[in-house]
Amino acid sequence: MAEKQTPRPSLLPLASTLLVGTVALYMALVAFSNITDFGTNQQFVRHVFAMDTTFKDEDLMWRAIESKGIQDAAYVLIIIWETVSALILIAATYFWARALRHRAFHTARRYSTLGLLMVLLLFGAGFIAIGGEWFVMWQSGDWNGLDAALRVFLLSGVVLLVTSLPANDREAG
């Protein structure tokens, strides 16, 4: 008679915990840097909105926003979005760590999904679509953040996929 083996728990919940924690750390550092060194990325946002380092195609320049007040308001909103997403992802990391012991991953997954979607929206819709295409940031040799935005977008997307894998549900049983 064959001995019945107990199934080993997968490492997927641990991977989810560490990956969500990585994005949480990244977003917390981004928000912290933008708050403590406000001027550096403020200039970035101003140049992107003003489109002053693009090819200055007259068919596109009507999109430029030169009002420093609007530029700065947008930058403050970006920082708030980054901060809230970091806090949600920090909470998600806590819930994942707690869930490792109690095998209840639903709250961790909900917080992760919300925080990661916030990051995906900021970097995908905000920086890649609006900054990159609407304000043609891709044309700027000096103020082009598309590569960095794509890296964060892809990382966050992969983490969202890992946290959504059905094996995390089976671990809860």
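Above: the structure in question.
Residues numbered from 1 in each chain as written. Predicted model: local features only at pLDDT ≥ 70, side-chain atom pairs only at ≥ 80, totals over all residues. Heavy atoms only, no water.

Student: Mind showing me how you'd approach the pattern of salt bridges here?
Tutor: Between side chains of opposite charge, a pair can form as their charged atoms come close. With the rule as written, the count across this model stands at 1 salt bridge. With a shortest N-O distance of 2.7 Å, R46 and D72 are connected by a salt bridge. A residue pair is termed long-range when its members are at least 10 positions apart, and R46 in helix α2 (residues 38-50) and D72 in helix α3 (residues 68-102) qualify at 26 residues. Note on R46: relative accessible area 17%, which makes it buried. (Salt bridge = Lys/Arg side-chain N within 4 Å of Asp/Glu carboxyl O. Helix = DSSP H or I, 4+ residues; strand = E, 2+ residues; numbered from the N terminus. Buried < 20%, exposed > 50% of the residue type's maximum accessible area, 1.4 Å probe, protein only.)

Student: In this structure, what is going on with unusual backbone geometry? I would like to understand it.
Tutor: Most peptide bonds are trans, and most residues other than glycine sit at a negative phi. Phi at M51 takes a positive value of approximately 55°, unusual for a residue other than glycine. Phi is positive for K56, close to 60°, though the residue is something other than glycine. Tracing the backbone shows K56 in the loop between α2 and α3. On the basis of relative accessibility, which here comes to 47%, the residue K56 falls in the partly exposed class.

Student: Help me understand α3 in this model?
Tutor: For an α-helix, the turn length of 3.6 residues means that residues three or four places apart are oriented alike. Over its 35 residues, α3 extends 50 Å from the first C-alpha to the last, a length consistent with the 51 Å expected when each residue adds 1.5 Å. Remark: R103 follows α3 within two positions and exhibits a positive phi of approximately 60°. (Expected span 1.5 Å × (residues − 1).)

Student: Sorry, what's going on with the packing of aromatic side chains here?
Tutor: Given two aromatic rings, one states the distance between the centres and the angle between the planes to describe the pair. Following the criterion strictly, the structure yields 9 aromatic pairs and no others. Between F44 and W143, the aromatic rings sit 5.6 Å apart at their centres with planes inclined by 75°, giving edge-to-face as the arrangement. On the criterion of sequence distance, the pair formed by F44 in helix α2 and W143 in the loop between α4 (106-134) and α5 (146-164) is long-range, its members being 99 residues apart. The exposure class assigned to F44 is partly exposed, which follows from its relative accessible area of 23%. Residue class for W143 comes out partly exposed when judged on its relative accessible area of 23%. Ring geometry for F49 and F135: centres 4.8 Å apart, planes at 20°, overall stacked. Placement of F49 in helix α2 and of F135 in the loop between α4 and α5 is noted, with a sequence separation of 86 residues between them. Take F49 and F135: they sit in the same class, and that class is buried. (Phe/Tyr/Trp six-rings, centres within 6.5 Å; stacked < 30°, edge-to-face > 60°.)

Student: Is there a simple way to explain the packing of helix α1 (residues 12-36) against α5 in this structure?
Tutor: Two elements in contact, α1 and α5, have axes whose closest approach is 9 Å; the angle formed by their N-to-C orientations is 150°. Regarding the angle of α1 to α5, the classification is roughly antiparallel. Two packed elements cross with a definite hand, and for α1 against α5 that hand is left-handed. Contact with α1, carried on its side by L12, S16, L19, V20, V23 and Y26, involves V152, L155, S156, V159, V162 and T163 of α5 and no other residues of that element. Of the residues contributing to the contact of α1 with α5, the split by class is 9 nonpolar, 3 polar and no charged. (Axes fitted to C-alpha atoms, helices over the stretch in contact; angles between N-to-C directions. Parallel < 35°, antiparallel > 145°, perpendicular 65-115°, else oblique. Left-handed = near helix turned anticlockwise from the far one by under 90°. Contact = heavy atoms within 4.5 Å. Nonpolar A, V, L, I, M, F, W, Y, C, P; charged D, E, K, R; others polar.)

Student: Explain the side chain of T54 to me, please; I cannot follow it from the model alone.
Tutor: Residue placement: T54 occurs in the loop between α2 and α3. For T54, a relative accessible area of 11% gives the class buried. Engagement of the side chain of T54 in a polar contact is seen with the backbone oxygen of M51, the distance being 2.9 Å. The residues contacting T54, other than those within four sequence positions of it, are M61, F135, V136 and Q139. (Polar contact = N/O pair within 3.5 Å; in protein donor to acceptor, adjacent residues only side chain to side chain.)

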